[in-house]
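# Structure at a glance
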Amino acid sequence: MEAGIRRRSRREERKEETRRELIEAAVKVFAERGFQRASLEEIARDAGYTTGAIYWHFGGKDELFLAAFEAYSLTRVGELAEVDGSTRGELPQRARAFADHWMARLADDPSFMVVALEFFVHSLRTPHLRDALATRHAALRLALAGLLEREAREAGAELPMPAEQLATVLRELGVGLAIAKLGDPDAVPDSLYGDFVQRVFELGEGR
């Protein structure tokens, strides 16, 4: 009985390993090729599997991308926590650090943000995909809202608007500026997002 339990446990572990390896390959291939041009055959080959493994774990390309986007979002949540833990200063400077990190991340590698926008357009014509993508977007928004709320509480400051609404505005502003910078780099200085966020929080404190 115990051996059987161990065997099932190992099968579950291997299943999770396979799923993780497929997601890692998907993130890489989607970023390099875009959503429409990336093929399941290429993703499976990069991970060392057949396309049958993708269909077994995800059912198809849409579901695989959603899993890849979820992994990307969790990475971003972890990065926000790291920024929060390594930043010093008052609330406006600490809020600015999140904005500066996003623009630095974009400069380093904009590829996955671009493919996420491609999938967003694709999802607008398919309600269940749109809803699934929105759920994954919410994870990052809620994480940022939680950090802003805690920062304000610890600083004894009042946020200029409810934390979740503020996080939504900041996130969408960051995406918009990122798109603008990709189209016209000279029009969007690297410091612009951070300058704006810092000023908003300073005004909220009555400075």
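What comes next concerns the included structure. (Residues numbered from 1 in each chain as written. Predicted model: local features only at pLDDT ≥ 70, side-chain atom pairs only at ≥ 80, totals over all residues. Heavy atoms only, no water.)

### Observations regarding the environment of P92
For the record, the criterion: Secondary structure elements are taken from DSSP: a helix is a run of H or I of four residues or more, a strand is a run of E of two residues or more, and numbering for both begins at the N terminus. Relative accessibility thresholds used throughout: buried, under 20% of the residue-type maximum; exposed, over 50%; partly exposed, between the two (1.4 Å probe, protein chains only).
As for its placement among the helices and strands, P92 is situated in helix α5 (residues 91-108). A relative accessible area of 0% means that P92 is categorised as buried. Expressed as a C-alpha distance, the spacing of P92 and D195, which sit 103 residues apart in the sequence, is 9.8 Å.

### Section: the nonpolar core
Convention followed: Put simply, buried Ala, Val, Leu, Ile, Met, Phe, Trp, Tyr and Cys residues joined by side-chain atoms within 4.5 Å make one nonpolar core. Contact definition: two residues touch when any of their heavy atoms are within 4.5 Å.
Ranked by size, the top nonpolar core spans 57 residues in total, and within it F30, L148 and F201 carry the most contacts. Among residues more than four places away in sequence, those in contact with F30 are F35, A38, I43, K61, L64, F65, A68 and V115.

### Considering helix α2 (residues 40-47)
Those residues of α2 that fall on the buried side of the exposure criterion are L40, E42, I43, A44 and A47. Just downstream of α2, G48 is the residue with a positive phi angle, here 85°.

### What to know about the side chain of T18
Looking at the secondary structure, you find T18 in helix α1 (residues 2-33). Note on T18: relative accessible area 8%, which makes it buried.

### Comments concerning the environment of I43
Looking at the secondary structure, you find I43 in helix α2. Sequence spacing of I43 and L173 is 130 residues, and the spatial spacing of their C-alpha atoms is 32 Å. Discounting residues that sit within four places of it in the chain, I43 has contacts with L22, A25, A26, V29, F30, I54 and L64.

### Section: a nonpolar patch on the surface
Applicable threshold: Without a salt bridge and with relative accessible area above 30%, a residue can belong to a patch; like charges are then joined within 9 Å and nonpolar side chains (Val, Leu, Ile, Met, Phe, Trp, Tyr) within 5 Å. Accessible surface area values rest on a Shrake-Rupley calculation with a 1.4 Å probe, where residue burial reflects the displayed protein chains alone. Whenever a carboxyl oxygen of Asp or Glu lies within 4 Å of a side-chain nitrogen of Lys or Arg, that contact is scored as a salt bridge.
Taken together, F120, V121 and L124 make up a surface patch of nonpolar side chains, about 250 Å² in accessible area. Tracing the chain through its elements places F120 in helix α6 (residues 111-123).

### Details of the pattern of salt bridges
Evaluated as defined, the whole model comprises 19 salt bridges. E32 is paired through a salt bridge with K28; the nearest N and O atoms lie 3.6 Å apart. Taken together, the positions of E32 and K28, both in helix α1 and four residues apart, correspond to about one turn of that helix. Among the residues examined, E32 registers a relative accessible area of 52% and is labelled exposed. Among the residues examined, K28 registers a relative accessible area of 38% and is labelled partly exposed. Sharing partners across several salt bridges, the network here consists of D84, R94, R150, E151 and E154.

### Looking at the packing of aromatic side chains
What counts, and what does not: The rule is short: rings of Phe, Tyr and Trp, with Trp giving its six-membered ring, pair when the centres are within 6.5 Å, and they are stacked under 30 degrees, edge-to-face over 60, tilted in between. Whether a charge sits over a ring depends on NZ of Lys or CZ of Arg being within 6 Å of the ring centre and within 35 degrees of the ring normal.
Taken as a whole, this structure holds ten aromatic pairs when the rule is applied. Pairing F69 with Y72 gives two aromatic rings, centres 5.9 Å apart and planes at 40°, and the pair type is tilted. Residue F69 and its partner Y72 are located together in helix α4 (residues 61-86), separated by three residues, close to a single helical turn. For F69, a relative accessible area of 3% translates into the label buried. One aromatic cluster in this structure is built from F30, F35, F65, F69, Y72, F112 and F119. Geometry around F35 places K61 over its ring, the cationic atom sitting 4.8 Å from the centre.

### Side note on the packing of α4 against helix α7 (residues 127-155)
Our working definition: Throughout, an axis means a line fitted to C-alpha atoms (over the contacting stretch in the case of helices), and angles, computed between N-to-C directions, take values from 0 to 180 degrees. The cut-offs work like this: below 35 degrees is roughly parallel, past 145 is roughly antiparallel, 65 to 115 is roughly perpendicular, and the gaps in between are oblique. Amino acids are sorted into nonpolar (Ala, Val, Leu, Ile, Met, Phe, Trp, Tyr, Cys and Pro), charged (Asp, Glu, Lys and Arg) and polar (every other residue, Gly among them).
Contact geometry of α4 with α7 gives a least axis separation of 10 Å together with a crossing angle of 5°. Of the possible angle classes, the one that applies to α4 and α7 is roughly parallel. Facing α4, whose interface residues are D62, L66, F69, E70, S73, R76, V77, L80, A81 and D84, α7 presents L129, A132, L133, R136, H137, A139, L140, A143, L144, L147, R150 and E151. Of the residues belonging to the contact of α4 with α7, the class tally is 13 nonpolar, two polar and seven charged.

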